[in-house]
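Residue-level listing of the chains:
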Amino acid sequence: MRQFSYSRAETVSDAVAALASNPEAQLLAGGTNLVDLMKYNVTRPGAIVDINRLPLKEIEDLPNGGLRIGALASNSAVAYDPRVQERYPLLSSAVLAGASAQLRNAATTGGNILQRTRCYYFYDPSTPCNKREPGSGCGAIGGVNRIQAILGASDKCIAVHPSDMCVALAALDAVVEVEGPDGKRDIPFTEFHRLPGDRPESDNTMARGEMVTAIRLEGNHFASHYTYLKLRDRLSYAFALVSVAAAMEVSSDGAIVDLRVALGGVAHKPWRDKLAEAEFAGQPANEETFRQVARRLLAGAKGQGENDFKIPLAERSIIRALKQAASGRPQDQSVKAIQ
Amino acid sequence: MLNSSKVVGLPLSRIDGPLKVTGRAKYAAEHFGPGMLQGYVLFSTIATGRIAEIDTSEAERFPGVVKVYTHENRPPAAKKDEQWKDEVAVPGHPFRPLENDRVLYDGQPIALVVADSFEAARDATSIIRVRYEAGEPHTDLKREQDNSYVPPVPRDKQMAPPPPRGNPEGAFAQAPHQISATYSLEGEYHNPMELFGTTVIFGQDGELTIYDKSQGSQNSHDTVCKIFGLDPEKVVAHNEFVGGAFGSGLRPKYQLFFAVMASLDMKRSVKVEMSRREMFYLTWRPTSIQNLSLAADAEGRLQSVMHHAMHATSQYEDYQENVANWSGLLYKCDNVKITYEITKLDVSTPGDMRAPGAATGVTALETAMDELAYEVGLDPVELRIRNFIHRDQNQDKEITSKALHACYREGAARFGWSERVMQPRSMRDGNDLVGWGMATGVWEAQLSPAEARVRLSSDGKVVVSAAASDIGTGTYTILGQIGADAFDLPLHAVSVKIGQSTLPKTAVQGGSWTAASSGSAVQVASRMVIATLLRHAQKMENSPLAKATEEQVEVADGRLVLEANHQVGVAISDIMDAAGVTFIEENGKVEPDPSIQKKFSAYTHSGVFVEVKVDEELCRPRVTRVVIAVAAGKILNPKTARSQILGGVVMGLGMALYEEGLADHRIGRIMNPNIAEYHVPAHADVEDIEVIFIEEDDDKASPIGVKGLGEIGIVGVAAAVSNAIFHATGSRIRSFPITLDKILADNLLESETVQ
Ligand SMILES: Cc1cc2nc3c(=O)[nH]c(=O)nc-3n(C[C@H](O)[C@H](O)[C@H](O)COP(=O)(O)OP(=O)(O)OC[C@H]3O[C@@H](n4cnc5c(N)ncnc54)[C@H](O)[C@@H]3O)c2cc1C
Ligand code: SF4
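Residues numbered from 1 in each chain as written. Chains lettered and ligands numbered in written order. Predicted model: local features only at pLDDT ≥ 70, side-chain atom pairs only at ≥ 80, totals over all residues. Heavy atoms only, no water.

**A few points about the domain arrangement of chain B**
All names here are of chain B.
Here is step 1: Once the domains are mapped, chain B shows domain 1 (31-136 + 193-245 + 249-279), domain 2 (284-446 + 598-754) and domain 3 (448-591).
Here is step 2: For domain 1 versus domain 3, the separation of C-alpha centres amounts to 40 Å.
Here is step 3: Taking both partners together, domain 1 and domain 3 bury about 1400 Å²; carbon and sulfur atoms supply 48% of that area.
Here is step 4: It is Q215, Q218 and E240 that lose the most area in domain 1 upon contact with domain 3, and together they represent 41% of the buried surface on that side.
Here is step 5: Between domain 1 and domain 3 we count zero salt bridges in total.
Here is step 6: On the surface where domain 1 and domain 3 come into contact, there are twelve residue pairs in polar contact (both at pLDDT 80 or more). (Domains from an automatic or database assignment. Buried area = accessible area lost by both parts, 1.4 Å probe. Salt bridge = Lys/Arg side-chain N within 4 Å of Asp/Glu carboxyl O. Polar contact = N/O pair within 3.5 Å; in protein donor to acceptor, adjacent residues only side chain to side chain.)

Pasting the structure below:
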């Protein structure tokens, strides 16, 4: 860990100004990811801007029945907010599938979205990593790649985005509110994170000096047909090997009206394929359809060797998740059996 | 044997518990000296080669840095391997930090920065520039296995395989039932809560007070005295509190060397603490590959056992553990061949980790026994009962006690084993396939030479002391209990002093021998105090005990009395007054009795029963129930004993399903060196574990009938889990840990296989 300056922002514009004026500045929210990265010498901010005093902790009702979740609302506050539980239970469930109770208490909504990959090479500065050090190469390709991507990877980077919460937000078509030197703007959630392509160093589409102020949820709640299913190497406190946020609306005669499937643990961003989803409108909500959905979503999947298993695992997980969602019996995160 | 037991045998809480839970128990790195400096270590980032250049100039200028040590300026230390060998060293050349420019493994310490704060020392290590000439690393055991060899110098006699007996190949070929398979276990890494750390307080006359995280203060003391040529009288080493060790602290670690080196060099107090990451560069349970062939007759009686075990070691030492001998011991078989080899890799020397050897070898043996049970078509418990033997065929000795039948019986009854349907994939619960598996566990019951001091004061209070350690095992409490019963006192009237090199000699705490050894020594010393009391009492006028012998007296209610008639006796305070003393103190000693050792060997045993549930489609396993029945002689304290077994079982679950150092063999490095990514069982992974003790009366295993419990809890657990997974799914997974991808791979439909 190197020496750095520390300041506390009192207003959003303070924080934005501090970020915009110093390319070495980074925001500190819960610190559960940033501090680790600093200890491992992965990131060496010259200045830390503590945003914990900003008035961004609230979860507000929106006139259309939606919710605006402040960037500093903790993961626990989001998961246990009765409005979130009632209107967007998929989000609550996904948050509870992540990390541990202690981490969720400290972690914030903004920090969760902006957490960096858990790729082992990214964390080890003595290995090449294009994300950490552009142009240095990718240690994970041909290396320990059991946890890496099967979709949307490039020959520069095969890392995955580790968040659970974001998978639900992608499925729910959330909107990210950001504020920067040029003012405020909205970014649709599915356009917030990016695929690695030739620039794996950038995880998302925010411009320099911008910060996240809130997440907005407005669309369909999918409160009756949803699930979040996470497969991991132990029952708690482990990142997803594969996770599925599934939601659907089903007509009275059992046909799919609206289908959402977002995948975690498989790509550099929460993976959604809206075109593919749309193809299944009108199809019967049954296992055969779900199998086709899974095949369609994974059509371009490619393993790296150690992680080849993620392809059949993802296929089976999608089918199971869609069955859970269709039946109206979502995975209960406190139940250990896969329902 | 322990005679009257009022306190021994009670499920008492640890006497050191309040200190620990209130933060008053100080661990090695929690001590401070005036003007103390802090050290931080820089590690190599290549696995083999040499340091061509190391530039510390920038680090030396870093604010707060006092000195940077590398191989270019390290103060002199001992020259001979013998002087570097600690009490439990293994054959080979012990690692000498900063000895020269050679790099022998990834993560080898190559510099020590000493600064006025931990942060400054740590920050400065990141600006040391190193240029390497790197060689090609060899760290993949599978690829190097052809280079395996029989260790030329055995670590100790017990570990060499017994000579072959009978005609194992011939018997195998002729038997109607045969199985033959290869089992592999990934390397496991120690992660006790407390990290390694050493604080050295530099005294005014140059004497050193050392607080070291270790499983033996005397081992730490003696080793640094040898390495630095110190006057043993001027060095005291402490390990009063140890936050878990499990074998990782048996051999002194490099931070002890560094702290003492820097302290002597600068004549200042110095502390060196390790980081979590360093736990992956230390003592580890070596990666292993084992081949087992078993054959049985039509009734399931073993006709042939052939076990070949091979595991990794470092380039500089031949680490050895008893992996395979259990296969010639646990069951009756007249045709046995056991072979054992090790393979050099560019890694740090592996070391003892809870039940070293047995945890590895019995996992293979007991999985193979399950395979044989299915081959023969016999219930797995029944197969084991048919092959029961009350004799150590390896050494051709009697066994002191082996209540293994009772372990099977009680364990199976509590578990409900009789409800089991033999056929795999025949039991389910919703989406889960349910599997029940079992295994036998075995570990040796050892007695090591030990001394203890017992002091009885005229006010009736007792102090028990020994250089023993309490690495979380409950040593404080059980030694107190033995002392309490010897003098008919409540536990709180006995104080226990352990964890200091100046106290009576004790071996490192390992091998599950502490309770038996130090416990017996306390018992012996207590009897000696009572004998001295008796001699004093007999000098008193009209002594009612004038004719009594040592064997006839005991202490009851503050008086020395005739065992047969408590009315006859004298108050302890009166005896001491008459003798003109305020206390009586004796040193007791135990060592193995050669006459017993010649005829008998002693082991602990267990029967482990496990239930798993595996999602049929998604193949995710979880352990939902464990029942373990343990026969380990006398149980001194059922509460601390149970905790030992629970901990062992949980570690066994880690071996079965979770723990794995993920190595990138291109660079020879473990890529998941932290406890977020190196998975041990989380709370959610641990459900009901029921521990049953089958008490054995055994006066030969140790003078107090204790056999020890530190290791037996882990042995067999991984096999029971793998057997349960087979029973649930029909998939026999022979590579540990059994992660879901391995089960999935065995259950893929043709349409799902990846090209
Ligand atoms: C052991 C472990 C296990 C975990 N397991 C899981 C898991 O299973 N699933 C899961 O989803 N997560 C998991 N996490 C990750 C955890 O969710 C994240 O660390 C956490 O959400 C980050 O939030 P934070 O507020 O602490 O962020 P910080 O660490 O404070 O910040 C993270 C990054 O976001 C930036 N940042 C923070 N707030 C803003 C903002 N408002 N605008 C712009 N940039 C911002 C920071 O500058 C920094 O770069 C785990 C973490 C650990 C340590
Ligand atoms: S996968 Fe991406 S994050 Fe990992 S080493 Fe390669 S470039 Fe770095």
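**A short note on the site of ligand 1**
Here is step 1: As a matter of local geometry, ligand 1 sits amid 34 residues, with L27(A), G31(A), T32(A), T108(A) and D164(A) nearest to it.
Here is step 2: Close to ligand 1, residues of chains A and B are found.
Here is step 3: Within the backbone of G30(A), a nitrogen or oxygen atom sits 2.8 Å from an oxygen atom of ligand 1.
Here is step 4: With respect to ligand 1, the side chain of T108(A) contributes an N or O atom lying 2.7 Å from an oxygen atom. (Near = heavy atom within 4 Å.)

**Points about the UniProt feature "domain: Aldehyde oxidase/xanthine dehydrogenase a/b hammerhead" (unreviewed entry) in chain B**
Here is step 1: UniProt marks residues 22-136 of chain B with the feature "domain: Aldehyde oxidase/xanthine dehydrogenase a/b hammerhead" (unreviewed entry), using the numbering shown here.
Here is step 2: The span residues 22-136 of chain B carries 15% helix and 30% strand; its end-to-end C-alpha distance comes to 50 Å. (UniProt positions renumbered as here; feature names shortened; annotations may be inferred. Helix = DSSP H or I, 4+ residues; strand = E, 2+ residues; numbered from the N terminus.)

**Here we look at the environment of L10(B)**
Residues and elements named next belong to chain B.
Here is step 1: Summarising the element assignment, L10 is placed in the segment before helix 1 (17-21).
Here is step 2: Under the relative-accessibility criterion, L10 is labelled partly exposed at 37%.
Here is step 3: The sequence separation of L10 and H308 amounts to 298 residues, and the corresponding C-alpha distance is 43 Å.
Here is step 4: The contact partners of L10, leaving out residues within four places of it in the chain, are Q481, L636, N637 and P638. (Buried < 20%, exposed > 50% of the residue type's maximum accessible area, 1.4 Å probe, protein only. Contact = heavy atoms within 4.5 Å.)

**Let's talk about the site of ligand 2**
Here is step 1: Every one of the 13 residues lining ligand 2 counts as a neighbour, but C119(A), C129(A), C138(A), C157(A) and I158(A) are closest to it.
Here is step 2: Across the shell around ligand 2, the residue classes tally to nine nonpolar, two polar and two charged. (Nonpolar A, V, L, I, M, F, W, Y, C, P; charged D, E, K, R; others polar.)

**Examining the domain arrangement of chain A**
Here is step 1: Along its sequence, chain A is organised into domain 1 (5-50) and domain 2 (226-327).
Here is step 2: Placing a centre on the C-alpha atoms of domain 1 of chain A and another on those of domain 2 of chain A gives a separation of 36 Å.

**Examining the interface of chain B and chain A**
Here is step 1: With 45 residues of chain B in contact, the opposing surface of chain A contributes 43 residues.
Here is step 2: When the two sides are added together, the surface that chain B and chain A hide from each other amounts to roughly 3900 Å², 54% of it contributed by carbon and sulfur.
Here is step 3: The largest contributions to the chain B side of the interface with chain A come from L618(B), R620(B) and M671(B), which together make up 16% of the buried area.
Here is step 4: Where chain B meets chain A, there are seven salt bridges.
Here is step 5: A salt bridge links K336(A) to E687(B); the nearest nitrogen and oxygen atoms lie 3.4 Å apart.
Here is step 6: Linking chain B with chain A are 18 residue pairs in polar contact (both at pLDDT 80 or more), by the criterion used here.

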